Amino acid sequence: MKLNFVGKSLMFINLILLILQLILMGTFGGIYYYPFLNLMVPFIVLINFFFFIFWIIKLKWPLVMFIFSVLIGYTEWERLYKLPNNGIPVSKGLKLMSFNVRLFNSYNWIDNENIPESILSFVNKESPDILCLQEFSKEFSPSFESYPYNYIQSSSKNGQNGLSILSKYPLYNKGFIPFENSNNGAMYAEIFYKRDTLRIYNLHLESLGVGLKDTLFSRGNSQKFINRINDVIKKQELQMAEFEKIDKNNSHPSIICTDLNNNAFSKIYNGIKNKRIDAFSIAGNGLGGTYHLANFPFRIDFIFFDPRMEIIDFNTHNVNLSDHNPVSAVLRWK
């Protein structure tokens, strides 16, 4: 059970990474001085998990460090991983879907000419009551005939691409939140659902601009790469502030459908979520990855809902129709 010099060195590295993991996950309160590190939480957790497996194989005592860290940070783990819930929802409610459709594959990123029709077929099959689409293209969009009420807004002046809220309920009090020097933005509309007015937000924050094959070491200067990510996150913070200006004047319960372009351990997540509930953290399954960053599944697409509502069901849909996976939630009033 004793450790040699190499074992002690590995144990020390593992201990430092576990402490860093707990800090970045917010176990001791949110720490956002190094936003790039917050983005890397899933990678750090993965490394620590490999250490855990290593100590099990070696039958060495440091394996308890990982177990202890999970017990300490149990609440924060709900934002990263959820155990499967095999229950079958029996109640009906309001179903919402959030989906970054990547301009309906207008630049042929996926080798399939029928992506718009496939997205339409998928949506019709799932039949959400409210459909929030990011990277919406007026030119390439199929005809969503099941949604008689819609609000479509370009993110740039005289542009064709932006955001949309498609609804089976009439939409009222619609508004757009432009982001300065950005192709991204936010929009909102209100519906009357059963006993109250409910505001729906569709929010798309600045993209990290990292491709599927990007890694921290794929560029000549890794520090330059990190600085670029930090600059994008600073821009996201400004966009979050623009959203908060509008939301603070909203007196109605609200639901946010968003491509956050950041993860659940960031300042952005906590600011946008505010006092709302992350649907995945209550009813999700597994890692819930919606986007692959450096070939690792990240959860950057979210549905947040007002605590005056409760969740019946949540799904991350594993479909190859975009570079994002859509997410859906079924909600009802308490």
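S.K.: Just checking my understanding: could you explain the overall build of the chain for this structure?
M.R.: Per the secondary structure count, the chain includes 9 helices and 14 strands. In summary, the chain has a C-alpha radius of gyration of 21 Å against a globular reference of 20 Å for 334 residues, a match within 12%. Expressed along its principal axes, the backbone C-alpha trace of the chain runs to roughly 70 × 50 × 40 Å. Counting every position in the chain, which comprises 334 residues, the buried fraction comes to 52%. For the chain, restricting intrachain contacts to residue pairs at least 6 apart in sequence, the fraction spanning at least 24 positions comes to 68%. Carbon and sulfur atoms make up 55% of the accessible area of the chain, which amounts to about 16700 Å² in all. Averaging the positions of the 33 positive and the 27 negative side-chain charges in the chain gives two centres separated by 8 Å.

S.K.: What's the story with the sheet that holds strand 6 (residues 185–193) in this structure? I'm lost.
M.R.: Neighbouring strands of a sheet are bound in pairs by backbone hydrogen bonds; such pairs are parallel or else antiparallel. Strand order in the open sheet made by the 6 strands is 5-6-7-8-12-9, with mixed pairing throughout. The sheet terminates laterally at strand 5 (172–178) and strand 9 (277–278), the two strands that pair on one side only. Looking at chain direction, strand 9 and strand 12 (residues 301–305) are connected through 2 bridges and run antiparallel. From the neighbouring strand, Ile277 faces strand 12, where its bridge partner is Phe305. Each of strand 5, strand 6, strand 7 (196–204) and strand 8 (254–259) touches helix 7 (residues 222–247); the most contacted strand, strand 7, lies at about 170° to it.

S.K.: Just to check I follow, could you spell out the pairing of strand 5 for this structure?
M.R.: Successive residues of a regular strand alternate their side chains across the two faces of the sheet. Here 5 bridges tie strand 5 to strand 6, and the two strands are oriented antiparallel to one another. By the bridge assignment for strand 6, Pro178 is matched with Gly185. Following strand 5, the chain reverses through 6 residues before pairing antiparallel with strand 6; Asn181 in that reversal takes a positive phi of roughly 50°.

S.K.: How should the sheet that holds strand 13 (residues 309–316) be read in this particular structure?
M.R.: In spatial order, the strands read 3-4-2-1-14-13; together these 6 strands make up an open sheet with mixed pairing. Edge positions in the sheet fall to strand 3 (149–154) and strand 13, since each of these pairs with one other strand and no more. With direction set aside, neighbouring strand axes in the sheet form an average angle of 15°. Here strand 1 (residues 94–100) runs beside strand 2 (residues 130–137); their pairing, made up of 5 bridges, is parallel. Within strand 2, the residue paired with Phe99 across the bridge is Leu133.

S.K.: Quick question: what am I supposed to make of the packing of aromatic side chains here?
M.R.: Each pair of aromatic rings is reported with the distance of its centres and the angle of its planes. Counted according to the given criterion, the structure contains 20 aromatic pairs. Note on Phe104 and Phe136: the rings are 5.6 Å apart at their centroids and 80° apart in plane angle, and the pair reads as edge-to-face. Residue Phe104 is located in the loop between strand 1 and helix 6 (115–126), and its partner Phe136 is located in strand 2; the two are separated by 32 residues in the primary sequence. We classify Phe104 as buried; its relative accessible area is 1%.

Parameters and conventions
- Counting of residues starts from 1 at the beginning of each chain's written sequence and follows it residue by residue.
- At least 70 in pLDDT is required for a residue's local features to be given in this predicted model, at least 80 for side-chain atom pairs to be given and counted, and no such filter applies to totals for whole chains, interfaces and linings, which use all residues.
- Values shown for side chains rest on all heavy atoms present in the structure; no hydrogens or waters enter the calculation.
- Helix numbers and strand numbers start at the N terminus; a helix is a DSSP run of H or I with at least 4 residues, a strand a run of E with at least 2.
- Each radius of gyration reported is based on C-alpha atoms, and the globular scaling rule is 2.2 Å times the count of residues to the power 0.38.
- The classification of residues rests on relative accessible area computed with a 1.4 Å probe and restricted to protein chains. Under 20% of the type maximum is buried, over 50% is exposed, and intermediate values are partly exposed.
- In what follows, residue pairs with any heavy atoms lying within 4.5 Å of each other are defined as contacts.
- Surface exposure here means Shrake-Rupley accessible area, sampled with a 1.4 Å probe, where a residue is shielded only by the protein chains that are shown.
- Counting rule for charge: Lys and Arg are taken as positive, Asp and Glu as negative, and neither His nor the chain ends is counted.
- Taken as the charge location is NZ of Lys, CZ of Arg, CG of Asp or CD of Glu.
- Strands pair, by our definition, only if DSSP identifies at least two bridges between them.
- Orientation is described by lines fitted to C-alpha atoms, with helices fitted over the stretch in contact, and by angles between N-to-C directions that extend from 0 to 180 degrees.
- The criterion for an aromatic pair is that two Phe, Tyr or Trp rings (for Trp, the six-membered ring) have centres within 6.5 Å, with stacked assigned to planes under 30 degrees apart, edge-to-face to planes over 60 apart and tilted to the rest.

Take it as geometry only, folks, not as evidence of what the structure does.
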